[in-house]
Amino acid sequence: MGRASAAGGGSGGARRWFPWLGLCFWAAGAAAARGTDNGEALPESIPSAPGTLPHFIEEPDDAYIIKSNPIALRCKARPAMQIFFKCNGEWVHQNEHVSEESLDESSGLRVREVFINVTRQQVEDFHGPEDYWCQCVAWSHLGTSKSRKASVRIAYLRKNFEQDPQGREVPIEGMIVLHCRPPEGVPAAEVEWLKNEEPIDSEQDENIDTRADHNLIIRQARLSDSGNYTCMAANIVAKRRSLSATVVVYVNGGWSSWTEWSACNVRCGRGWQKRSRTCTNPAPLNGGAFCEGMSVQKITCTSLCPVDGSWEVWSEWSVCSPECEHLRIRECTAPPPRNGGKFCEGLSQESRNCTDGLCILDKKPLHEIKPQRWSRRGIENASDIALYSGLGAAVVAVAVLVIGITLYRRSQSDYGVDVIDSSALTGGFQTFNFKTVRQGNSLLLNSAMQPDLTVSRTYSGPICLQDPLDKELMTESSLFNPLSDIKVKVQSSFMVSLGVSERAEYHGKNHSGTFPHGNNRNFSTVHPRNKTPYIQNLSSLPTRTELRTTGVFGHLGGRLVMPNTGVSLLIPHGAIPEENSWEIYMSINQGEPSLQSDGSEVLLSPEVTCGPPDMIVTTPFALTIPHCADVSSEHWNIHLKKRTQQGKWEEVMSVEDESTSCYCLLDPFACHVLLDSFGTYALTGEPITDCAVKQLKVAVFGCMSCNSLDYNLRVYCVDNTPCAFQEVVSDERHQGGQLLEEPKLLHFKGNTFSLQISVLDIPPFLWRIKPFTACQEVPFSRVWCSNRQPLHCAFSLERYTPTTTQLSCKICIRQLKGHEQILQVQTSILESERETITFFAQEDSTFPAQTGPKAFKIPYSIRQRICATFDTPNAKGKDWQMLAQKNSINRNLSYFATQSSPSAVILNLWEARHQHDGDLDSLACALEEIGRTHTKLSNITESQLDEADFNYSRQNGL
C-alpha cells in the first residue's frame, strides 16, 4: 500500500521541535528536510515506539478540475497520529489541512482522516515534467507510510472535431463506414452516434458496429439506414456535436423479364416484331441508376405471301387419234402456287371427238368399242402385277439366304479380338488390330458402350507381357477399372503367307490399363516394374482438353470469370467503342501444355486464352492468371509469354522489367496483367537459386476397390493453382473417390531432392498395407516439371475383417532436405457414415459473366471524381503516382504515364486485385492518407456534380 520508514535518530543530529506538528524528535543535520512556508522541515520518521505502521484505509484518487472549481483530496489511515499531504515533492501547510479523528471500535486503533483542496490556479502555476500530483504521509509510533500518488489535471474538451463524418451514397447491401475523430480533451471524450437525432444502440442491431475506433460501420446497407448521422463527443466538461453526414442507400434499377415476341405486324412481306421489358425488378430508388440498355427490342420479320396458281393458255389440239379423239393440255405455271397458295381450279386436260361421232372402228360404233378396249387394258394390268410380285419374292428369298449365311459364319467365331503378328508370341512390341466385338459378348471392355458391328479400329502401341509379380502390383492399382479375362488369338504372319490356317492361342489376364476405355483413347503402355511401381499419371482417365466461358460485352465493360479456377478477365468501362458489342471468350488448356520448357524454365500457370484475337480495345484490359510460385525476386525470374499464330511462344516481358506495352503485378497467388491485345498467355519461371520454391497442393482421396476388403488411398501432389486441383476433383468424381482431408500447402524447393510419400500409424490389428508399398519416392524432375499433370501415388490397404469400418492413419509428404506436410486421415469407409469435405467455395461460380456497373466495385460517379482529382498535375508531382504508391504499385510507373487517364488504369488494376473482397474501405483510407481528396472535391459545386451525372446518363442512354 504505502512505503514505511523505521524511526530512528542519527548521531550528531539536533533535537528539533515542530510546534505546528506537536512533535519533538531528533533530525540528522545531513538529512534536513526542505523548508516550508514557515522555514521549518517535516520529518520523514519519528523515534521508535511500540505499535504498528499506519495502514491506509482510503488513498487519494486522480481528479480533474472542472472550470474553476477546486477539488478535494482525501486520505484515511489507522493507526495514525498525524497525516499530511505532500504535493509535487513539497509539504502542504498545516493550515490547508482539515483533519478528523475517530477510534476504530473493533481494533481500538486511532483512525485519522485528512482533506485538502487543490485549486485551478495551483495546477496552472505548476510547470514540471509530469502532471500535478499529491501524496499522503501518515505517522504512527512505529514509523511512516506513504500513499499512492494522485494526479490532478484540468479537464477540457476542444470545440472542433479532428474529423467530421462525411456523407455517403451506397448501394443496397453495400458497406457503410462513417469516420469520426472527436475533439481533443481531458479526459478523452466518449463517442456516441445519433441517427436523425436518435441514439444508435449497436447491441440491439447486429448489422451496426460502433466499436472500431469511434467509427460507425454498417455491414450491409438497408433502405432503413438512410438518414442523417451525427457524431456526439462528451466528457465531464462538455458535449460536442459534429457536422451531420447524410447517408443515402440507393437501389439500382433492374430489368424485368422480356415479354414474348409480338406477331409480325404485316400479313406478308417485310415487317417487324417487338418485345419489351420494364425497369421494375427492382425499380430504382433514392437516386439509384436506371436500368442500362433498351426497354424495347425490335427485329425484322419476313412473312412469305401466298401465291395462287394460274393456268397457262391451252395448247393446240393434237392430231386425231385412231380412237377418233384429239387432246389439248394446259399447266398451272402462270404462276405456279407458292407459299401455301391455291392450286389452279379446273381440268388440266381436255379431249373431244374429232369426227363429230362419225368414226367407225371394226365396223362398230365408237360407243360400243370403248368398253372392250378398257377391258383389255385391265387384263394387261393384272399380268403386270403378277410379274412384279414374283420378282419381289425372289429378292426377299435372296436377302434371307444372305442374312442366314452371315449369322452362321459369325456364330462359328468364338473370339472378338484378332492380333495378327508373330512377334506377339514372344512378348514383342508391334502394331496390332483391335476389332470391336458383338453386343452382349463378355469380352466388351465397357458394357455400357454400344458397339458398331461394322467398324473395326486399329490401336498402335506396345504390348508388355509382364512377370506375374508386376501383374499383381499393377492390378491392385485403382487407377483403371478391372477387366475380365481376355482370350487373345494370335496368328503368325508367316503362316498366313503360306496359307496355313493353324493358330496358336495365348490365354492371360491382362492389366486393367492395357486396353483403352473410350473410343478416342490411345492404347496405353504398361512399363516393367521400377523403383516406384504405383506412381501414375491421370492421362489415361477421361479429361477435358479445355475449360471455356463466354460473355457479350459492350461500352459499359464487365467482368468474365472462370469459376473455381482463379482466372478472370476485366473489360474496363469505355474499352469497347459505343454502339459496339463483342462476344468475348476465355478458355484454359487442360490438355498437354503446348509450352515446352527450355532448360531450367518451369511452367508456373495454366495456359489461358482470351479472344477474339482481332478485337481492338481503347483501354487496357486486366487478365488475372493464378500461379504456383512462392514469389521472391531473389530466387525467381518470372516471365510472361504469349503464343503466336504459328504456335510458337514468345516472351512478352519479365515481371521485374520496365515496359510501356503491358504491365504485370505479381501477387502471392496470382498475376494481374494489363494488356492491349487478346491471345494465349502463360507464366514461366526460371529459378535463380536452389531456394526457389514451387507451391504444391497435397490432397488424399479414398475409395473402395472391387475387393470388398481392400481400400485404396490416392495421394495427389499438384501445382497450387485452382484449375489444377479442379482437374483432380473432376477425375476423382469419375472414379468415385472421396476427399478425406482438407488439402494442404507444401513448399517444394528447387534443390534437386526427390519427394517421399509414406503411410504411417496404420492400426496393426485392423488394417495392413501391401508389402514394400508403405513408402514411395517421386523423382525431383517429375514433381518440378510436372506441367500441371496430376501426379499421384496409390496405396492399397486391406482389412482383416469386414466389420472394420473406420480407418485412421497419417500420410507424410516430405522433400528430402526440405519441407513436409502431414495429412491426418480419420474416416469411415462406409459412404453413409463419411463426412463430406467441400472441394471449392462457390463464391465466384454463380455469375461467370457480369456486365455494366454491377461488375465493378467502385461506383462510376465516384470513379470519375477520383480520376478528375488525381489525373490533374500538381506542383509536387503527378497525383496519380501517389495513388499508385498507396495501392502498393511502386514499379514500372512509366507504363501508366503513357495512358490517357493513369488513374483510371490504376483503378482497373485495383478492381482486378479485389474482385472477391471489394475492400472499398482500404481504398478510401488510401485516398484520405493522400490528403487531397476532401479539398479537391469540396471545390466541385453541387450543380457541377448533377450536370456531370446527367451527361453520363445521357451518353449511356439512361
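Presented here is an overview of the structure given in this document.

Calculation criteria
Residues numbered from 1 in each chain as written. Predicted model: local features only at pLDDT ≥ 70, side-chain atom pairs only at ≥ 80, totals over all residues. Heavy atoms only, no water. Helix = DSSP H or I, 4+ residues; strand = E, 2+ residues; numbered from the N terminus. Buried < 20%, exposed > 50% of the residue type's maximum accessible area, 1.4 Å probe, protein only. Contact = heavy atoms within 4.5 Å. Arc of directions from axis to C-beta. Pairing = 2+ DSSP bridges. Patch = residues over 30% accessible without salt bridge, like charges linked within 9 Å, V, L, I, M, F, W, Y side chains within 5 Å. Areas by Shrake-Rupley, 256 points an atom, 1.4 Å probe, with all protein chains shown as cover. Salt bridge = Lys/Arg side-chain N within 4 Å of Asp/Glu carboxyl O. Lys, Arg positive; Asp, Glu negative; His and termini not counted. Charge placed at Lys NZ, Arg CZ, Asp CG, Glu CD. Core = buried A, V, L, I, M, F, W, Y, C linked by side-chain atoms within 4.5 Å. Phe/Tyr/Trp six-rings, centres within 6.5 Å; stacked < 30°, edge-to-face > 60°. Lys NZ or Arg CZ within 6 Å of the ring centre and 35° of its normal. Axes fitted to C-alpha atoms, helices over the stretch in contact; angles between N-to-C directions. Parallel < 35°, antiparallel > 145°, perpendicular 65-115°, else oblique. Nonpolar A, V, L, I, M, F, W, Y, C, P; charged D, E, K, R; others polar. Left-handed = near helix turned anticlockwise from the far one by under 90°. Expected span 1.5 Å × (residues − 1). Polar contact = N/O pair within 3.5 Å; in protein donor to acceptor, adjacent residues only side chain to side chain. Disulfide = S-S within 2.5 Å.

1. Some words on the overall build of the chain
Link 1 in the chain: Scanning the chain from terminus to terminus reveals 13 helices and 59 strands.
Link 2 in the chain: Within the chain, the proportion of its 958 residues that are buried is 42%.
Link 3 in the chain: Nonlocal contacts in the chain, meaning residues at least 24 apart in sequence, comprise 68% of its contacts between residues at least 6 apart.

2. Let's talk about helix α8 (residues 879-886)
Residue pairs spaced three or four apart in an α-helix point in one direction, given the helix's 3.6 residues per turn.
Link 1 in the chain: Taken residue by residue, α8 has Asp879, Trp880, Leu883 and Ala884 as its buried positions. Burial along α8 is one-sided: seen end-on, the buried residues are contained in an arc of 145°.
Link 2 in the chain: In this structure, the buried residues of α8 make contact with α7 (860-870), α9 (894-897), α10 (902-913) and α11 (920-930).
Link 3 in the chain: Looking one or two residues beyond α8, the residue adopting positive phi is Ser888, at roughly 65°.

3. Side note on the pairing of strand β58 (residues 820-828)
Link 1 in the chain: Both strand β57 (residues 806-815) and β58 contribute to a ladder of 9 bridges, which runs antiparallel. Each residue of the ladder has a partner; that of Ser808, found in β58, is Gln826.

4. Comments concerning the environment of Asn95
Link 1 in the chain: Structurally, Asn95 can be placed in the loop between β8 (90-91) and β9 (98-103).
Link 2 in the chain: For the pair Asn95 and Ile116, spaced 21 residues apart in the sequence, the C-alpha separation amounts to 9.6 Å.

5. Let's talk about a negative patch on the surface
Link 1 in the chain: Negative charge collects at one region of the surface, where Glu651, Glu656, Asp657 and Glu658 lie side by side.
Link 2 in the chain: Residue placement: Glu651 occurs in strand β45 (residues 649-654).

6. Some details on the nonpolar core
One recurring pattern in soluble globular proteins: nonpolar side chains tend to sit buried together.
Link 1 in the chain: Grouped together as the largest cluster of nonpolar side chains are 69 residues, with contacts concentrated most on Leu569, Leu623, Leu713 and Ile813.
Link 2 in the chain: Of all hydrophobic cores here, the second largest spans 28 residues; its members include Leu665, Ala855, Phe856 and Val905.

7. Observations concerning the packing of aromatic side chains
Link 1 in the chain: Applying the stated criterion across every chain yields a total of 16 aromatic pairs.
Link 2 in the chain: Look at Tyr663 and Phe896: their rings are 4.9 Å apart centre to centre, the planes differ by 55°, and that puts the pair in the tilted class. Taken together, the residues Tyr663 in strand β46 (residues 663-666) and Phe896 in helix α9 connect sequence positions 233 residues apart. Of the two residues examined, Tyr663 and Phe896, each falls in the buried class.
Link 3 in the chain: Consider the rings of Tyr895 and Phe896, whose centres lie 5.6 Å apart with planes at 85°: the pair is edge-to-face. Accessibility assignment for this pair places Tyr895 and Phe896 in one class, buried.
Link 4 in the chain: One aromatic cluster is present, built from ring pairs that chain together Trp636, Phe748, Phe780 and Trp784.
Link 5 in the chain: Over the face of the ring belonging to Trp784 we find Lys694, whose NZ or CZ atom lies 6.0 Å from the ring centre.

8. Topic: the packing of α8 against α10
Link 1 in the chain: Between α8 and α10, whose axes approach to 9 Å, the crossing angle comes to 10°. When the interaxial angle is binned, α8 and α10 end up roughly parallel. Here Trp880, Leu883 and Ala884 of α8 come into contact with α10, specifically with Pro902, Ser903 and Ile906.
Link 2 in the chain: Its residues assigned to classes, the contact of α8 with α10 shows 5 nonpolar, 1 polar and no charged.

9. Observations concerning the sheet that holds strand β16 (residues 176-178)
Link 1 in the chain: Pairing is antiparallel in the open sheet, where 3 strands are placed in the order β16-β21-β20. Single-partner strands in this sheet number two, and they are β16 and β20 (208-209).
Link 2 in the chain: Sheet analysis places β20 next to strand β21 (residues 216-218), joined by 2 bridges and oriented antiparallel. Along β21, the bridge assignment pairs Ile208 with Ile218.

10. Observations regarding the sheet that holds β58
Link 1 in the chain: With respect to topology, 4 strands assemble into an open sheet ordered β55-β53-β57-β58, the strand pairing being antiparallel. With one partner strand each, in any of the chains shown, β55 (775-778) and β58 form the two edges of the open sheet. On average, adjacent strands in this sheet sit at an angle of 15° to one another, irrespective of strand direction.
Link 2 in the chain: Bridging between strand β53 (residues 755-760) and β55 involves 4 bridges; their strand directions are antiparallel. Each bridged residue has a counterpart across the sheet, and for Ser758 the counterpart in β55 is Cys775.

11. Comments concerning the pattern of salt bridges
Link 1 in the chain: Across all of its chains, the model carries 22 salt bridges by this definition.
Link 2 in the chain: As a salt-bridge pair, Arg153 and Asp131 come within 3.7 Å of each other at their nearest N and O atoms. Of the two residues, Arg153 sits in strand β13 (residues 150-154) while Asp131 sits in the loop between α1 (120-125) and β11 (132-139), which places them 22 residues apart along the sequence.
Link 3 in the chain: Of the charged contacts in the structure, one is a salt bridge between Arg241 and Glu197, with a shortest N-O distance of 3.0 Å. Taken as a pair, Arg241 in strand β23 (residues 239-241) and Glu197 in the loop between β18 (190-195) and β19 (198-199) lie far apart in primary sequence, 44 residues in all.
Link 4 in the chain: Here the salt bridges share partners, and the residues they tie into one network are Arg74, Lys76 and Glu113.

12. A look at the packing of α7 against α10
Link 1 in the chain: Direction vectors running N to C along α7 and α10 enclose 130°, while the axes themselves pass 8 Å from each other. On the basis of their axis angle, the class for α7 and α10 is oblique. In the packing of α7 onto α10, the handedness of the crossing is right-handed. Of α10, the residues touching α7 (which contributes Arg863, Ile866, Cys867 and Phe870) are Ser903, Ala904, Leu907 and Asn908.
Link 2 in the chain: Of the residues assigned to the contact of α7 with α10, the class counts are 5 nonpolar, 2 polar and 1 charged.

13. Some thoughts on helix α5 (residues 722-735)
Link 1 in the chain: In this model α5 runs 20 Å from its N-terminal to its C-terminal C-alpha over 14 residues, within 8% of the 20 Å that 1.5 Å per residue would give.
Link 2 in the chain: Where burial is concerned, most of α5 is hidden: 11 out of the 14 residues are buried.
Link 3 in the chain: Among the residues of α5, Cys723, Ala724, Phe725, Gln726, Glu727, Val728, Val729, Ser730, Asp731, Glu732 and Gln735 are the ones counted as buried.
Link 4 in the chain: Buried residues belonging to α5 abut β37 (546-553), β40 (582-589), β49 (693-704) and β50 (710-719).
Link 5 in the chain: Directly after α5, the chain includes Gly736, whose backbone phi takes a positive value near 80°.

14. Examining the side chain of His97
Link 1 in the chain: Relative to the helices and strands, His97 is located in the loop between β8 and β9.
Link 2 in the chain: Among the residues examined, His97 registers a relative accessible area of 12% and is labelled buried.

15. Points about the environment of Glu113
Link 1 in the chain: As for its position among the elements, Glu113 is in strand β10 (residues 110-118).
Link 2 in the chain: Filtering out sequence-adjacent residues up to four positions away, Glu113 remains in contact with Glu58, Arg74, Cys75, Lys76, Val98, Ser99 and Glu100.
Link 3 in the chain: At 3.3 Å, the side chain of Glu113 and the side chain of Arg74 are in polar contact.

16. Quick notes on the state of the cysteines
Link 1 in the chain: Taken as a whole and assessed by the stated rule, the structure comprises 8 disulfides.
Link 2 in the chain: Across the disulfide from Cys87 sits Cys134; the S-S distance is 2.1 Å. Classification of the bridge connecting Cys87 and Cys134 rests on its S-S torsion, roughly 105°, and on that basis the disulfide is right-handed. Taken together, the residues Cys87 in strand β7 (residues 82-87) and Cys134 in strand β11 connect sequence positions 47 residues apart. Of the two residues, Cys87 and Cys134, both sit in the buried class.
Link 3 in the chain: Disulfide partner of Cys332: Cys344, at an S-S distance of 1.8 Å. Taking the sign of the torsion about the S-S bond as the criterion, the disulfide between Cys332 and Cys344, at about 75°, is right-handed. Residue Cys332 is found in the loop between β27 (325-329) and β28 (349-353), and its partner Cys344 is found in the loop between β27 and β28; the two are separated by 12 residues along the sequence. Residues Cys332 and Cys344 agree in their burial class; the two are buried.

17. What to know about unusual backbone geometry
Link 1 in the chain: The omega angle of the peptide bond from Val186 to Pro187 is -10°, so this bond is cis rather than trans.
Link 2 in the chain: Counting through the fold element by element, Pro187 comes out in the loop between β17 (185-186) and β18.
Link 3 in the chain: The omega angle of the peptide bond from Gly611 to Pro612 is 15°, so this bond is cis rather than trans.
Link 4 in the chain: Checked against the element boundaries, Pro612 lands in the loop between β42 (608-611) and β43 (621-626).
Link 5 in the chain: The phi torsion at Asn339 lies on the positive side, around 55°, for a residue other than glycine.
Link 6 in the chain: For Asn339, a relative accessible area of 41% translates into the label partly exposed.
Link 7 in the chain: Positive phi is not limited to glycine here, since Ser888 has a value of about 65°.
Link 8 in the chain: Its place among the elements puts Ser888 in the loop between α8 and α9.

Keep in mind these numbers describe shape, not what the thing actually does.
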